[in-house]
Amino acid sequence: MIVGWQLASFLLLALALGAGFVWYERSRPQAKVLALVATLAGLAALGRVAFAALPDIKPMTDIVLLAGYVLGGAPGFAVGAVGALASNFFFGQGTWTPWQMLAWGVIGLGGAGLGRLSGRRLGRVGLAAACGLAGLLFGLILNFSTWVTFTGDLTLDHYLVISGSALPFDLAHVIGNVAFCLAFGPAFVRALLRFRSRLDIRWVPVTAAALVILALTAPLALAAGPLQREVGYLTRAQNADGGFGAAPGQRSTELYTSWAVLGLAAAGRDPRRVVRGGHSPVSYMLANSRTLAGAGDIERTILALGAARVGAPRAMLARLSGGQSADGSFGHLVNLTAFGILALRSAGRPARDRQIRHALGWLAQEQNADGGFNAFGRGAASGIDDTAGALQGLLAAGARRGGRAAQRAASFLTARQNPDGGFPLTPGGASNAQSTAWAVQGLIAAGRDPAHLHRRGSLTPLGYLRSLTGGDGAVRYSPTSTQSPVWVTAQTLTALAGRPLPIRLR
C-alpha cells in the first residue's frame, strides 16, 4: 500500500513537472528570454548555496517569486525548477529534488498570478508579505513529500506531526524571506522590469569563476545597465535654470520640462536630484507655475509633480477642478479629460472621487465603435495617441482591465501595429516614436505585454523604439528624421521603463 502511494505521488509529481516544462517550451521563448531565465536560475541557486550554513534561510524563494511576478508564469516556473535542480548539485540529489523543483516552480507560478492581479504595483510591504507566504507554501509541499515518501503512516494526524516538527524551520524560512524582500525586493523588481522591457542579452564565453562573479553581481548589473543612455541624454540636455527645452541648448519651457520629469521618474531617477546650476526641473516647474495657460498645461504639470512625489500647489489643483464642465469632461475633449483624470489621480485623489467618476462617465461614452478614441469625441476617426491616452485615463478612473471598454481600446491598438513593429499617429500612416510610446503605455496599463506583440518576422514595439535610439541615448522621431527632440526621448524612456501614467517614483 505504501509503495502504491509513493509510486502514485511520484507519477503525479513527474506529470506536474513535465507539464510545467512543456508549457514553457510551447511558449517558444526567445533566446534572450532563455538567457535571462538561466541567469536568474543560477542566481537563485547561488543564493541558496551562499546561505547553506543557515538552515532554511535562503533568498532563492524571493528570487523565484519575484521572477514570476515580473516575467510571468512559464519563466517563473522554469527559474524555480531549474534553480532547485542546480543547487542540489551542491546539497545532494535525492528523492527530495523533484519535490523541491515542484515547490519552487509553484512559487514562480504564484508570483506570476500575483503580478497579474496587482498589475505589478505592489509596494515593499506587499511584496515582503507575499514572499513570507511563499515560505509557508514551500514548507507545506516539502512536509507533504516527507509524509508520502518516508513514513508508513499516511494519516492526517501524522502529517500534522511532521508539519509541527518542521515548524521552526518553516518559520525561519518565512522570516528570512521577509527580511530579504524588505531589503532588496523593490530594487530587484525594478531591475527585472527594466530588463523585461528591453531583454538585451548576449551570450559570451565565461569560466566557472566568472559565472560565480556574474551571479553575485547580477542585481547591481541589472539595476545599472538599461536606460542609462537615455537618462544620460536627458540630464545632459538640462539647462542652467533646471528646465528643459525642445532640444539641448534651447530655451526651457514648462511643456518640455514636464515630459522630461515624467521620463526621468519612470526610469527611477528622482527629478528633484537632477540639478543644473543649483536648480532642478521640479523647482523650475514650481517657479513658472503662474505661466500655465490652459487645462493641458495644468494637467501635465500636476502629473509631473506627482511623478516626482511633490504636491501640486493648491491654486493649481483648484484651477484644474474648477475647469471641469457640467457634463464631466475637461474642455469637451477626450485627451484633456483623460489627462484630467490622470492628474487628479496623480495628486492623490481616489478613483471613487466624485469628479473622477463624473469624468469617467463622459469619457467612456466617447469611445468609437472600433474601440478607439479621437480627441474631439465619438464619431471622429480614432487615433493611436488619443486611444492610448484615453485607455490610461479609463483605467486610472477605476475601469476594469478586463472590462469591455478597456479591452476594446487595447484591441484597437494591437490591430493597428505596422509591419515595422511601430505605431502610426493615425491608422495606415507611418510609424513614429511618440505614437509607439503611447501605444506601449496604453497596452501596459491594460495588462498586455508589448514585448510579445509583433507580426511574423517584425520587431516588437519596444524593438522599434530601440531601433531609433542612438549611441548617445537620443531617440529620433522616425527612421527618416534627423532630429531627436527631448520630449520624444522622454516619452520613449517612459515606455521602455514599462510605466503607464500616472507614474509614481519608487
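Keep in mind that what you see is a predicted model, and the values were worked out from it rather than measured.

Some thoughts on the overall build of the chain
Alright, step 1. What the chain contains, in helices and strands, is 20 helices and two strands.
Alright, step 2. Partitioning the intrachain contacts of the chain with sequence separation of at least 6 by distance along the chain shows that 69% fall at a separation of at least 24.
Alright, step 3. With the model as given, the accessible surface of the chain reaches about 21,700 Å², and the carbon-plus-sulfur share is 63%.

Focus on helix H12 (residues 295–307)
Alright, step 1. Look at H12: 18 Å from first C-alpha to last across 13 residues, which is about the 18 Å you get at 1.5 Å a residue.
Alright, step 2. Of all 13 residues that make up H12, ten are buried, and the element is covered over most of its length.
Alright, step 3. When we look at burial in H12, the residues that qualify are Ile298, Glu299, Arg300, Thr301, Ile302, Leu303, Ala304, Leu305, Gly306 and Ala307.
Alright, step 4. For H12, the elements touching its buried residues are helix H10 (254–266), helix H11 (281–287), helix H13 (314–322) and helix H14 (334–346).
Alright, step 5. Remark: Arg309 follows H12 within two positions and exhibits a positive phi of approximately 60 degrees.

Quick word on the nonpolar core
Alright, step 1. Among the nonpolar cores identified, the biggest contains 86 residues, and Leu262, Leu363, Leu391 and Leu501 are the most heavily contacted of them.
Alright, step 2. By size, the runner-up hydrophobic cluster in this structure holds 33 residues, among which are Ala67, Trp104, Ile107 and Phe188.

Quick look at H13
Alright, step 1. Of all the residues in H13, the buried ones are Met316, Leu320 and Ser321. Seen along its axis, H13 keeps its buried residues to an arc of 130 degrees; they face one direction. Those residues of H13 that are exposed and angled more than 90 degrees off the buried face are Arg314, Ala315 and Gly322.
Alright, step 2. Against H12, H14 and helix H15 (354–364) lie the buried residues of H13.

Some thoughts on unusual backbone geometry
Alright, step 1. A cis geometry characterises the amide bond from Leu501 onward to Pro502, with omega recorded as -10 degrees.
Alright, step 2. Its place among the elements puts Pro502 in the segment after helix H20 (486–496).
Alright, step 3. Look at Arg309: it is not a glycine, yet its phi comes out positive at around 60 degrees.
Alright, step 4. Turning to its location among the elements, Arg309 is positioned in the loop between H12 and H13.

Considerations on the side chain of Arg300
Alright, step 1. In this fold, Arg300 is placed in helix H12.
Alright, step 2. Under the relative-accessibility criterion, Arg300 is labelled buried at 9%.
Alright, step 3. One polar contact links Arg300 to Glu254, side chain to side chain, over a distance of 3.0 Å.
Alright, step 4. At 2.6 Å, the side chain of Arg300 and the side chain of Asp297 are in polar contact.
Alright, step 5. Setting aside residues no more than four positions away along its own chain, Arg300 makes contact with Glu254, Leu255, Ser258 and Trp259.

Some points on the packing of aromatic side chains
Alright, step 1. By the definition in use, this model includes four aromatic pairs.
Alright, step 2. Summarising the aromatic geometry, the rings of Phe339 and Trp438 are spaced 5.8 Å apart at their centres and angled 70 degrees between planes, so their arrangement reads as edge-to-face. Residue Phe339 is located in helix H14, and its partner Trp438 is located in helix H18 (residues 433–445); the two are separated by 99 residues in the primary sequence. Neither Phe339 nor Trp438 differs from the other in exposure class; each is buried.

Points about the pattern of salt bridges
Note that side chains of opposite charge can pair when their charged atoms are close.
Alright, step 1. Scanning the model with the defined rule gives five salt bridges in all.
Alright, step 2. Between Arg273 and Asp270 there is a salt bridge, and its shortest N-O distance comes to 3.8 Å.
Alright, step 3. Exposure remark for Arg273: the relative accessible area of 68% places this residue in the exposed category.
Alright, step 4. Note that Arg349 and Asp353 form a salt bridge whose closest N and O atoms lie 3.2 Å from each other.
Alright, step 5. Overall, the relative accessible area of 25% leaves Arg349 in the partly exposed class.
Alright, step 6. Judged by its relative accessible area of 16%, Asp353 falls in the buried class.
Alright, step 7. Overlapping salt bridges bring together Glu254, Asp297 and Arg300 as one network.

Here's the deal with the packing of H10 against H12
Alright, step 1. Following both chains from N to C, one finds H10 and H12 inclined at 30 degrees, their axes separated by 9 Å at the closest point. In terms of axis orientation, H10 runs roughly parallel to H12. Every pair of crossing elements has a handedness; the one defined by H10 and H12 is left-handed. Contact residues: H10 offers Glu254, Leu255, Ser258, Trp259, Val261, Leu262 and Ala265, while H12 offers Asp297, Arg300, Thr301, Leu303, Ala304 and Ala307.
Alright, step 2. When grouped by side-chain class, the residues that make up the contact of H10 with H12 number eight nonpolar, two polar and three charged.

Topic: the packing of helix H9 (residues 228–236) against H20
Alright, step 1. Packing of H9 against H20 leaves a shortest axis separation of 10 Å and a crossing angle of 145 degrees. Note on packing geometry: the crossing formed by H9 with H20 is left-handed. Two secondary-structure elements touch here, H9 through Glu230, Val231, Tyr233 and Leu234 and H20 through Val486, Thr489, Ala490, Leu493 and Leu496.

A word on the environment of Leu363
Alright, step 1. Looking at the element boundaries, Leu363 is found in helix H15.
Alright, step 2. The spatial distance from the C-alpha of Leu363 to the C-alpha of Leu394 is 7.4 Å, given a sequence separation of 31 residues.
Alright, step 3. In contact with Leu363, not counting residues within four places along its chain, are Val334, Thr337, Ala338, Ile341, Phe373, Ala390, Gly393 and Leu394.

Remarks on empty space enclosed by the protein
Alright, step 1. Taken as a whole, this structure holds two cavities of 30 Å³ or more when the rule is applied.
Alright, step 2. The space that makes up the second largest cavity amounts to roughly 30 Å³.
Alright, step 3. Around the second largest cavity, the lining residues are Trp259, Leu262, Trp438, Gln441, Gln491, Thr494 and Leu501.
Alright, step 4. In the lining of the second largest cavity, the residues fall into four nonpolar, three polar and no charged.

Some details on a nonpolar patch on the surface
Alright, step 1. Where nonpolar side chains cluster on the molecular surface, the patch consists of Leu167, Leu171 and Ile175 and spans about 290 Å² of accessible area.
Alright, step 2. Of note, Leu167 is situated in helix H7 (residues 156–198).

Calculation rules
- Residues numbered from 1 in each chain as written.
- Predicted model: local features only at pLDDT ≥ 70, side-chain atom pairs only at ≥ 80, totals over all residues.
- Heavy atoms only, no water.
- Helix = DSSP H or I, 4+ residues; strand = E, 2+ residues; numbered from the N terminus.
- Contact = heavy atoms within 4.5 Å.
- Areas by Shrake-Rupley, 256 points an atom, 1.4 Å probe, with all protein chains shown as cover.
- Expected span 1.5 Å × (residues − 1).
- Buried < 20%, exposed > 50% of the residue type's maximum accessible area, 1.4 Å probe, protein only.
- Core = buried A, V, L, I, M, F, W, Y, C linked by side-chain atoms within 4.5 Å.
- Arc of directions from axis to C-beta.
- Polar contact = N/O pair within 3.5 Å; in protein donor to acceptor, adjacent residues only side chain to side chain.
- Phe/Tyr/Trp six-rings, centres within 6.5 Å; stacked < 30°, edge-to-face > 60°.
- Salt bridge = Lys/Arg side-chain N within 4 Å of Asp/Glu carboxyl O.
- Axes fitted to C-alpha atoms, helices over the stretch in contact; angles between N-to-C directions.
- Parallel < 35°, antiparallel > 145°, perpendicular 65-115°, else oblique.
- Left-handed = near helix turned anticlockwise from the far one by under 90°.
- Nonpolar A, V, L, I, M, F, W, Y, C, P; charged D, E, K, R; others polar.
- 1 Å grid on protein atoms, 1.4 Å probe; cavity = no way out; pocket = protein on both sides within 12 Å on 5 of 7 lines; lining within 4 Å.
- Points joined across faces, edges and corners; volume = space filled by probe spheres on them.
- Patch = residues over 30% accessible without salt bridge, like charges linked within 9 Å, V, L, I, M, F, W, Y side chains within 5 Å.

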